[in-house]
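Next come the chains, spelled out residue by residue.
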Amino acid sequence: MAAMTEPESMLDVLRSDHHAITELLSAGGLAQDTEDALADREQLVMNLVRHFVAEEEYLYPLVRDRLADGAEVAE
């Protein structure tokens, strides 16, 4: 039987996204040849969209609701 692992928190997911996006944007992170470069750019766009949606739908509303200056922080 496989060991159960704890689900990642939203912050863990966002941190992981930041790391993946940074890796793709770092020097040498995106492939230079046409076929691989297109795949890398598509992966980058998918990561960015997923990340922005997670922030807009989950993180920012939570920040607005839970922090005294949440609206300012979220903006």
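Please refer to the structure placed before this passage.
None of the values given here were measured: they were computed from a predicted structure. (Residues numbered from 1 in each chain as written. Predicted model: local features only at pLDDT ≥ 70, side-chain atom pairs only at ≥ 80, totals over all residues. Heavy atoms only, no water.)

Enquirer: How should I be thinking about the nonpolar core in this particular structure?
Expert: A general tendency of soluble globular proteins is for nonpolar side chains to be buried together. Judged by nonpolar contacts, Leu 14, Ala 54, Leu 59, Tyr 60, Val 63 and Ala 74 together constitute the single largest core of six residues. Looking at this core element by element, the count peaks at four residues for helix 2 (residues 34-66). In this structure Ala 54 touches Met 10, Leu 14 and Leu 59, once residues within four positions along its chain are discounted. (Core = buried A, V, L, I, M, F, W, Y, C linked by side-chain atoms within 4.5 Å. Buried < 20%, exposed > 50% of the residue type's maximum accessible area, 1.4 Å probe, protein only. Helix = DSSP H or I, 4+ residues; strand = E, 2+ residues; numbered from the N terminus. Contact = heavy atoms within 4.5 Å.)

Enquirer: Would you take a moment to explain the side chain of Asn 47 for this structure?
Expert: The topology assignment puts Asn 47 in helix 2. Accessibility expressed as a relative area gives 7% for Asn 47, which makes it buried. With residues near it in sequence (within four places) discarded, Asn 47 still touches Ala 20, Ile 21 and Leu 24.

Enquirer: Could you clarify how one ought to interpret a nonpolar patch on the surface in this entry?
Expert: Judged by side-chain polarity, Val 45, Val 49 and Val 53 come together as a nonpolar surface patch covering roughly 240 Å² of accessible area. Within the secondary structure, Val 53 is located in helix 2. Judged by its relative accessible area of 44%, Val 53 falls in the partly exposed class. (Patch = residues over 30% accessible without salt bridge, like charges linked within 9 Å, V, L, I, M, F, W, Y side chains within 5 Å. Areas by Shrake-Rupley, 256 points an atom, 1.4 Å probe, with all protein chains shown as cover. Salt bridge = Lys/Arg side-chain N within 4 Å of Asp/Glu carboxyl O.)

Enquirer: I would appreciate a short explanation of the side chain of Glu 55 in the present structure.
Expert: Mapped onto the elements, Glu 55 comes out in helix 2. Despite its burial, Glu 55 pairs with no opposite charge, the nearest such side chain being Arg 64 at 10 Å. The residues touching Glu 55, leaving out its near neighbours within four places in the chain, are Leu 14, His 18, Tyr 60 and Pro 61. (Lys, Arg positive; Asp, Glu negative; His and termini not counted.)

Enquirer: Could you clarify how one ought to interpret the environment of Arg 50 in this entry?
Expert: For Arg 50, the position within the fold is in helix 2. It is 9.6 Å that separates the C-alpha atoms of Arg 50 and Leu 14, two residues lying 36 residues apart in sequence. One polar contact links Arg 50 to Asp 17, side chain to side chain, over a distance of 2.4 Å. (Polar contact = N/O pair within 3.5 Å; in protein donor to acceptor, adjacent residues only side chain to side chain.)

Enquirer: Help me out: how do you make sense of the environment of Ile 21 in this one?
Expert: Among the structural elements, Ile 21 can be located in helix 1 (residues 10-25). For the pair formed by Ile 21 and Leu 48, sequence separation is 27 residues and the distance between their alpha carbons is 7.3 Å. Discounting chain neighbours no more than four positions away, the residues touching Ile 21 are Leu 44, Asn 47, Leu 48 and His 51.

Enquirer: I tried to follow the pattern of salt bridges on my own but got confused; where do I start?
Expert: Pairing of side chains with opposite charge becomes possible as their charged atoms draw close. Counted according to the given criterion, the structure contains three salt bridges. Residue Arg 15 pairs with Asp 12 through a salt bridge whose shortest N-O separation is 3.6 Å. Note that Arg 15 and Asp 12 are positioned in helix 1 at a spacing of three residues, about one turn of the helix. Residue Asp 12 is classed as partly exposed on the basis of its relative accessible area, which comes to 34%. Its salt-bridge partner being Arg 64, residue Glu 75 comes within 3.1 Å of it at the nearest N-O pair. Highlighted residues: Glu 75 in the segment after helix 3 (70-74) and Arg 64 in helix 2, separated in sequence by 11 residues. By relative accessible area, which is 75% here, Glu 75 ends up exposed.

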